[in-house]
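# Tertiary structure, described
The chain contents come next:
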Amino acid sequence: MFKPLHNYVLLERIEEENITAGGIIIPDNAKEKPSRGRVIAVGTGVYDGDNLIPMTVKENDVVLFAKWAASANEIKLDGKDFVLIKETDILGIIE
């Protein structure tokens, strides 16, 4: 499996519904990439001088992340698509 370094987080996108509340079906080519994901793996954190600042998110958290995050990298592992993103580009944890 893949273990991110430092403050990187490996996410699996959570697909949004393709039908609107009014019953209109949205074709795949018109959908925006979802900005929700499930945390698959996290790095150890980053150092602030001599102190390690641990990660806030943990595996299996469902998070909301910035759609156009500068740090986001689309990667493929074992035939599946993932997003590798810095924790600072995660906006919050959905509970």
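Residues numbered from 1 in each chain as written. Predicted model: local features only at pLDDT ≥ 70, side-chain atom pairs only at ≥ 80, totals over all residues. Heavy atoms only, no water.

## Description of the sheet that holds strand β6 (residues 73–77)
- If you trace the six strands from one edge of the open sheet to the other, you get β6-β7-β1-β2-β5-β8, paired in antiparallel fashion. Only two strands of the sheet have a single partner each, and these edge strands are β6 and β8 (90–94). Here the average twist between neighbouring strands, direction ignored, is 45°.
- Bridging between β6 and strand β7 (residues 80–86) involves five bridges; their strand directions are antiparallel. Paired with asparagine 73 across the bridge in β7 is leucine 84. (Pairing = 2+ DSSP bridges. Helix = DSSP H or I, 4+ residues; strand = E, 2+ residues; numbered from the N terminus. Axes fitted to C-alpha atoms, helices over the stretch in contact; angles between N-to-C directions.)

## As for the side chain of glutamate 87
- Examined against the element boundaries, glutamate 87 turns out to sit in the loop between β7 and β8.
- No salt bridge is formed by the buried glutamate 87; the nearest opposite charge belongs to lysine 58, separated by 10 Å.
- In this view, glutamate 87 contacts Asn7, Val9, Met55, Thr56 and Val57; residues no more than four positions away in its chain are not counted. (Buried < 20%, exposed > 50% of the residue type's maximum accessible area, 1.4 Å probe, protein only. Lys, Arg positive; Asp, Glu negative; His and termini not counted. Salt bridge = Lys/Arg side-chain N within 4 Å of Asp/Glu carboxyl O. Contact = heavy atoms within 4.5 Å.)

## Section: the pairing of β7
- As paired strands, strand β1 (residues 8–13) and β7 are joined by four bridges and run antiparallel to one another. The residue of β7 that forms the bridge with tyrosine 8 is lysine 86.
- Counted between consecutive antiparallel strands, the loop separating β6 from β7 contains two residues, among which aspartate 78 sits at a positive phi close to 50°.

## Some points on unusual backbone geometry
- Of note in the backbone geometry, histidine 6 takes a positive phi value of approximately 50° without being a glycine.
- Mapped onto the elements of the fold, histidine 6 is located in the segment before β1.
- Located in the positive-phi region is asparagine 60, a residue other than glycine, with phi close to 75°.
- Within the element layout of this structure, asparagine 60 appears in the loop between β4 (51–53) and β5 (62–65).
- On the accessibility criterion, asparagine 60 (54% relative accessible area) is exposed.

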